[in-house]
Amino acid sequence: MHTLLDKTIPPQKKHSPFTIPNSQFPRVLLAHGGGGQLTDSLLNNHILPHISNPILNDLLDSGILPTTTNRLAISIDSYVVTPWKFPGGDIGRLAVSGTINDLAVTGATPLALALSIILAEGFELTHLDAVMASIATTAKEANVRIITGDTKVVAHNQADGIYLTTAGLGSIPHSTNLHPSQITTGQLLLLNGPIADHGLAVMLAREFPDVTTTLQSDVAPLNHLIHTLMTEHPNAITFMRDPTRGGLAGLCADLARQTRLHITLDESAIPIRHEARHAADMLGLDPLEIANEGKILLTVHPQHAQQVLQTLRSHPLGRDSAIIGQIDKAEHTPDAICELRTLIGGRRIIHKPYGEQLPRIC
């Protein structure tokens, strides 16, 4: 789950101005899975009230269990991307990277993965071989093993292609505490590279398969980069999260709402490739709301920001890292607003996306 809630308020009593009344949508919509306001509504109204507990209510990328030694991090995610193969990756690389990243951003060292495969009747076995080879390559890249799994097949009219679910287990030192509660005014926001590559690469492959583009998904396991950061700067970073569904806009709007602080992003500092901006303009999409699969947003104490930035830029997955914003003091009271300082010097409030610009991109 990738939606942040105020952990001091039980989910069943949470009343967000963005919550959609049950009566408006009596059935599930595709947009309910987009990581936006409709996802919040689905979680708050139909899922969390039945299974609420203190660990789940944090809604971090991984659930964290205390133990007598290190804490355990557990994460699970499902992948339904279409097409299953896209420039820069495929559903196999996406599934392994996504779960590893959900563990790593909590400060956990990933230990092992479980893999579930649902195949639609008629899916070509050569395609399955390609997906499994990608899973093996990505797991080796991350130095994490697949230790258990399950496979099911359904009729051709009950699914399309292949769906994957990966669950991961990781270990977090007791000294590590990456949590929104650690974010305070004055901290800076760092991003490890250009946004919007993944969502746009998938959408172009789906809607314009004959178009040639240099745009590729950024999907990658980030655990080695994060391990380097935590080793070299153990006291510098207060929180990390990967801006997947809902993009950078959804993550920052959520973070402002949960911390009750004011977040200011600098549009001129947010890295984005020229070809990604062109593709987003062509499709009528906001790059800030497009999913990423190889990016992390970090909140960092200002006195350590330049050292962390240097470490990020020395890694292949962080060469284009940048400081993109800060946690500001509100003029009067905490306002829980994320604001973008635009290229022309204006300001606009960043809202969490309502539904989903790009369905089935992860």
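Along every chain, residues carry numbers that run from 1 in the direction the sequence is written. Reporting in this predicted model follows two pLDDT cut-offs: at least 70 for local features of residues, and 80 or more for side-chain atom pairs to be given and counted; totals over whole chains, interfaces and linings ignore these cut-offs and use all residues. As a convention, hydrogens and water are excluded, and side-chain values are obtained from all of the structure's heavy atoms.

*Asks:* Can you walk me through unusual backbone geometry in this structure?
*Replies:* A negative phi angle is the norm for most residues apart from glycine, just as the trans form is the norm for most peptide bonds. Omega for the bond connecting Thr 82 with Pro 83 falls within 30 degrees of zero, at 0°, which places this linkage in the cis form. Mapped onto the elements, Pro 83 comes out in the loop between β2 (71-79) and β3 (85-86). Despite not being glycine, Ala 196 has its phi angle at roughly 80°, a positive value. Segments assigned H or I by DSSP are reported as helices when at least four residues long, segments assigned E as strands when at least two residues long, and all are numbered from the N terminus. Note on placement: Ala 196 falls in the loop between β8 (188-191) and α5 (197-207). Summary of the burial criterion: residues with accessible area below 20% of their type's maximum are buried, those above 50% are exposed, and those between are partly exposed, where the area comes from a 1.4 Å probe applied to protein chains only. The buried category is assigned to Ala 196, whose relative accessible area is 0%. A positive phi is found at Ala 336, a non-glycine position, where the angle reads about 55°. With respect to the secondary-structure elements, Ala 336 resides in the loop between β12 (322-328) and β13 (338-341). We classify Ala 336 as buried; its relative accessible area is 18%.

*Asks:* What should I look at first to understand the sheet that holds strand β1 (residues 63-65) in this one?
*Replies:* A pair of strands is treated as paired once DSSP finds two or more bridges between them. On the basis of which strands lie adjacent, the open sheet formed by 5 strands has the order β1-β2-β7-β5-β6 and mixed pairing. Every interior strand has two partners, whereas the edge strands, β1 and β6 (145-154), have only one. Neighbouring strand axes in the sheet, compared pairwise and without regard to direction, differ in orientation by 15° on average. For every element, the axis is a line fit to its C-alpha atoms; helices are fit only across the contacting stretch, and the angle between N-to-C directions ranges from 0 to 180 degrees.

*Asks:* Teacher, can you tell me more about the pairing of strand β11 (residues 297-300) here?
*Replies:* Every other side chain in a regular strand lies on the same face of the sheet, so the side chains alternate between the two faces. By the alternation rule, side chains of β11 split into Leu 297 and Thr 299 and Leu 298 and Val 300, which are all buried. In this structure, β8 lies alongside β11, joined through 4 bridges in antiparallel fashion. For Leu 191, the partnering residue across the bridge sits in β11 and is Leu 297. Of the strand pairs in this sheet, strand β9 (residues 237-241) and β11 are connected by 4 bridges, and their pairing is antiparallel. When the sheet's bridge partners are listed, Met 240 is paired in β11 with Leu 298.

*Asks:* Would you mind showing me how to read the packing of helix α6 (residues 223-232) against helix α9 (residues 305-313) here?
*Replies:* To characterise two packed helices, one gives the angle between the axes of the helices and the distance between these axes. Close contact between α6 and α9 brings their axes to 10 Å; oriented N to C, the two are set at 145°. Considering the relative orientation of α6 and α9, their crossing is right-handed. From α6, Leu 225, Thr 228, Leu 229 and Glu 232 reach across to α9, where they touch Val 308, Thr 311 and Leu 312. Grouping the amino acids of the contact of α6 with α9 by side-chain chemistry returns 4 nonpolar, 2 polar and 1 charged. Note on convention: the crossing is left-handed when the near helix lies turned anticlockwise from the far helix by less than a right angle, right-handed when the turn is clockwise. What makes two residues a contact is simply this: any of their non-hydrogen atoms within 4.5 Å. When residue character is reported, Ala, Val, Leu, Ile, Met, Phe, Trp, Tyr, Cys and Pro are called nonpolar, Asp, Glu, Lys and Arg charged, and the others, Gly included, polar.

*Asks:* Would you mind showing me how to read the packing of aromatic side chains here?
*Replies:* Two aromatic rings are characterised by how far apart their centres lie and by the angle between their planes. Centre distance within 6.5 Å is the pairing criterion for rings of Phe, Tyr and Trp, where only the six-membered ring of Trp is used; planes under 30 degrees apart are then read as stacked, over 60 as edge-to-face, and the remainder as tilted. The final tally for this structure, using the stated rule, is 1 aromatic pair. Geometrically, the ring pair formed by Trp 84 and Phe 123 is edge-to-face, given 6.2 Å between the ring centres and 75° between the ring planes. Of the two residues, Trp 84 is situated in the loop between β2 and β3 and Phe 123 in the loop between β5 (109-120) and α4 (125-142); the sequence distance between them amounts to 39 residues. With a relative accessible area of 18%, Trp 84 lands in the buried category.

*Asks:* Help me understand the sheet that holds β8, please; the structure alone is not making it clear to me.
*Replies:* Sheet strands line up and pair through hydrogen bonds in the backbone, either parallel or antiparallel. The strand order β9-β11-β8-β12-β10-β13-β14 describes an open sheet built from 7 strands, whose pairing is mixed. Every interior strand has two partners, whereas the edge strands, β9 and β14 (347-349), have only one. Each strand of the sheet is rotated relative to its neighbour by a mean of 25°, with strand direction disregarded.

*Asks:* I'm lost on α5 in this one. Help?
*Replies:* Count 3.6 residues to each turn of an α-helix, and residues three or four apart come out pointing the same way. Most of α5 sits inside the fold, with 8 of its 11 residues counted as buried. Of the residues making up α5, those classed as buried are Asp 197, His 198, Gly 199, Leu 200, Ala 201, Val 202, Met 203 and Leu 204. As for α5, its buried residues are in contact with β3, α3 (91-104) and α8 (274-283).

*Asks:* When you look at the state of the cysteines in this model, what are you seeing that I'm missing?
*Replies:* By definition, a disulfide is the covalent link that joins the sulfur atoms of two cysteine residues. Our working definition of a disulfide is a cysteine sulfur pair at a distance within 2.5 Å. Enumeration according to the criterion identifies 0 disulfides in this entry. The thiol sulfur of Cys 338 is not disulfide-bonded, and the nearest other cysteine sulfur, from Cys 252, lies at 4.8 Å. Cysteine Cys 362 shares no disulfide, and the gap to the nearest cysteine sulfur, in Cys 252, comes to 18 Å. On the accessibility criterion, Cys 362 (17% relative accessible area) is buried.

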